[in-house]
Amino acid sequence: MSAAAPKPVEKPLVLIVDDTPENIALMNGLLKDRYRTRIANNGERALEAAGKLPQPDIVLLDIMMPGMDGYEVCRRLKADPATRGIPVVFLTAKSAIEDEQMGFDVGAVDYITKPISPPIVLARVNTHLTLKAEHERAEKLLLNVLPAAIAERLKRDSATIADAAEAVTVVFADLVGFTPMAAARTPTEIVRLLDEIFTAFDGCAADCGVEKIKTVGDAYVAVAGLPLALADHAGAAARFALGMGEAIARYNAEHGMALKLRIGIDSGPVVAGVIGKHKFTYDLWGDTVNSAARMESHGEPDRIQVGERAARLLEPDFLLEARGEIEVKGKGRMKTWWLTGPRPAA
């Protein structure tokens with residue numbers, strides 16, 4: 001069977017806003033071979049067209065229009081979170097310096113005076129579309145490193161991000177015996193294996209409302225209740241831990257392997273924040289983090305060990321098997337439980 005043909009990349013969409021039919025025809029003729037175009041002949045229709053899906057990639061906006069002028073259209077576009085990121089280029093006969101300054105003040109990225117020069121218009125449109133695409137790639141990279149809420153705060157304010165959270169649940173998971181197994185594999189095989197497994201964990205985290213914090217070697221760390229508070233943080237973490245076990249079972253069945261996962265969970269307060277100025281890391285600190293790590297390291301393969309604080313929160317909705325007291329490095333003797341699954345519905 002032949003491979004499916006790749007989906008063609010759609011051309012960028014340009015919204016042309018002008019109240020003069022001749023100007024619309026001129027701009028549409030200039031752009032239509034390189035871009036998709038959408039037309040609006042007044043300010044109100046421009047706002048409607050900008051909010052319509054698919055959203056335009058750039059707006060070419062006249063200033064002098066009856067009713068709502070271009071300045072007001074731009075103000076409203078920039079005030080709406082849904083359209084704030086669309087670059088606006090003014091195309092206008094108003095050529096005074098104060099008019100240009102007004103255009104930039106309301107949020108435009110460029111100002112082109114009429115009569116237009118087609119090469120200049122095409123070059124400016126291409127430049128701003130390229131800048132927009134690069135900005136979107138940078139945004140995606142930032143979201144791959146930081147939780148969305150933290151990335152948004154970082155974009156608004158460069159001050160240190162540090163939060164104290166009183167009620168979260170931390171999850172540590174580790175692939176048992178991975179190091180000796182990896183020694184017999186090529187680097188490419190190791191990376192592919194971890195990528196497939198951790199990608200499955202990422203999907204499970206998203207489904208359960210859990211935030212991935214980091215991977216360290218063959219270990220995976222996540223938290224429920226940060227950066228956004230979550231009332232059922234312990235339940236979300238428990239569902240995530242059980243889901244990771246199911247993901248490993250699927251991977252083993254598909255690849256004929258016998259990987260085992262050791263998981264530890266505990267609940268309580270943590271401190272969270274962003275470290276670094278050039279390479280960002282969102283991380284957690286505190287006794288709860290240490291306790292969850294110890295629950296994992298002092299656990300058993302294919303089992304989920306739960307600390308006392310997490311057990312109290314989970315007991316109404318999940319099946320827990322008492323392990324009793326164990327000696328925990330750096331913590332002394334601790335009561336722990338095994339999480340075995342959700343309680344059957346009444």
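Our subject is the structure listed above.
Everything numeric here is computed off the predicted structure, so don't read it as measured data. (Residues numbered from 1 in each chain as written. Predicted model: local features only at pLDDT ≥ 70, side-chain atom pairs only at ≥ 80, totals over all residues. Heavy atoms only, no water.)

Caption draft 1: Spotlight on the overall build of the protein. Within the protein, the secondary structure is distributed over eleven helices and 13 strands. Rg of the C-alpha trace for the protein: 27 Å, well past the compact-globule value of 20 Å for 346 residues, more than 25% over. In terms of overall dimensions, the protein has a C-alpha envelope of 80 × 55 × 45 Å along the principal axes. When the accessible surface of the protein is totalled, it reaches about 18,500 Å², and 55% of it is carbon and sulfur. (Helix = DSSP H or I, 4+ residues; strand = E, 2+ residues; numbered from the N terminus. Rg over C-alpha atoms; globule rule 2.2 N^0.38 Å. Areas by Shrake-Rupley, 256 points an atom, 1.4 Å probe, with all protein chains shown as cover.)

Caption draft 2: Local environment of the nonpolar core. Formed by 39 residues in total, the largest nonpolar core has its most connected members in Ile197, Phe201, Phe240, Ile263 and Ile265. Ranked by size, the runner-up nonpolar core spans 22 residues in total, among them Leu154, Ala272, Val274 and Ala293. (Core = buried A, V, L, I, M, F, W, Y, C linked by side-chain atoms within 4.5 Å. Buried < 20%, exposed > 50% of the residue type's maximum accessible area, 1.4 Å probe, protein only.)

Caption draft 3: Focus on helix α2 (residues 43–51). For α2, the set of buried residues is Gly43, Ala46, Ala49 and Ala50. Taken around the axis of α2, the buried residues stretch over an arc of 120°, which confines them to a single face. The inward-facing, buried residues of α2 contact β1 (13–17), β2 (36–40) and α3 (70–79). Between a side-chain oxygen at the N-terminus of α2 and the backbone nitrogen of glutamate 44 the separation is 3.2 Å; the capping residue is asparagine 42. (Arc of directions from axis to C-beta. Contact = heavy atoms within 4.5 Å. Polar contact = N/O pair within 3.5 Å; in protein donor to acceptor, adjacent residues only side chain to side chain.)

Caption draft 4: View of the sheet that holds strand β3 (residues 58–61). As summarised here, the arrangement of the five strands in space is β2-β1-β3-β4-β5, forming an open sheet in which the pairing is parallel. Across the chains shown, the open sheet's two edge strands, defined by having one partner strand only, are β2 and β5 (110–113). Each strand axis lies, on average, 20° off the axis of its neighbour in the sheet, ignoring direction. Each of β1, β2, β3 and β4 (88–92) is contacted by helix α1 (residues 21–31), which is oriented at about 170° to β2, the strand it contacts most. In the packing of α3 onto the sheet, the strands contacted are β3, β4 and β5, and the crossing angle to β4 comes to about 175°. (Pairing = 2+ DSSP bridges. Axes fitted to C-alpha atoms, helices over the stretch in contact; angles between N-to-C directions.)

Caption draft 5: Fine view of a nonpolar patch on the surface. On the surface, Val271, Ile275 and Trp285 cluster together to form a nonpolar patch covering roughly 270 Å² of accessible area. Considering the arrangement of structural elements, one finds tryptophan 285 in strand β10 (residues 281–285). In this structure tryptophan 285 comes out as partly exposed when scored by relative accessible area, which is 36%. (Patch = residues over 30% accessible without salt bridge, like charges linked within 9 Å, V, L, I, M, F, W, Y side chains within 5 Å. Salt bridge = Lys/Arg side-chain N within 4 Å of Asp/Glu carboxyl O.)

Caption draft 6: A look at unusual backbone geometry. Here the bond from leucine 53 into proline 54 is cis, since omega is -5°, no more than 30 degrees from zero. The omega torsion of the bond from leucine 226 to proline 227 falls at -5°, within 30 degrees of zero and hence cis. Inspection of the secondary structure assignment puts proline 227 in the loop between β8 (219–224) and α9 (233–255).

Caption draft 7: Region of interest: the side chain of aspartate 62. Here aspartate 62 is to be found in the loop between β3 and α3. A polar contact is formed between the side chain of aspartate 62 and the side chain of lysine 114, at a distance of 3.4 Å. Leaving out residues up to four positions away in the same chain, aspartate 62 has contacts with Val17, Asp18, Asp19, Gly70, Leu91, Thr92 and Lys114.

Caption draft 8: Main features of the layout of surface pockets. Space inside the largest pocket adds up to approximately 520 Å³. Around the largest pocket, the lining comprises 20 residues; the ones closest to its centre are Arg84, Gly85, Ile86, Lys132 and His135. Mapped onto the lining of the largest pocket, the elements with two or more residues apiece are α5 (118–145) and α6 (148–156). The element contributing the most residues to the lining of the largest pocket is α5, with six residues. Class assignment for the residues of the lining of the largest pocket results in seven nonpolar, five polar and eight charged. Computed from the structure, the second largest pocket encloses a volume of approximately 340 Å³. Elements that contribute at least two residues to the lining of the second largest pocket include exactly α5, α8 (187–208), β7 (211–216) and β10. (1 Å grid on protein atoms, 1.4 Å probe; cavity = no way out; pocket = protein on both sides within 12 Å on 5 of 7 lines; lining within 4 Å. Points joined across faces, edges and corners; volume = space filled by probe spheres on them. Nonpolar A, V, L, I, M, F, W, Y, C, P; charged D, E, K, R; others polar.)

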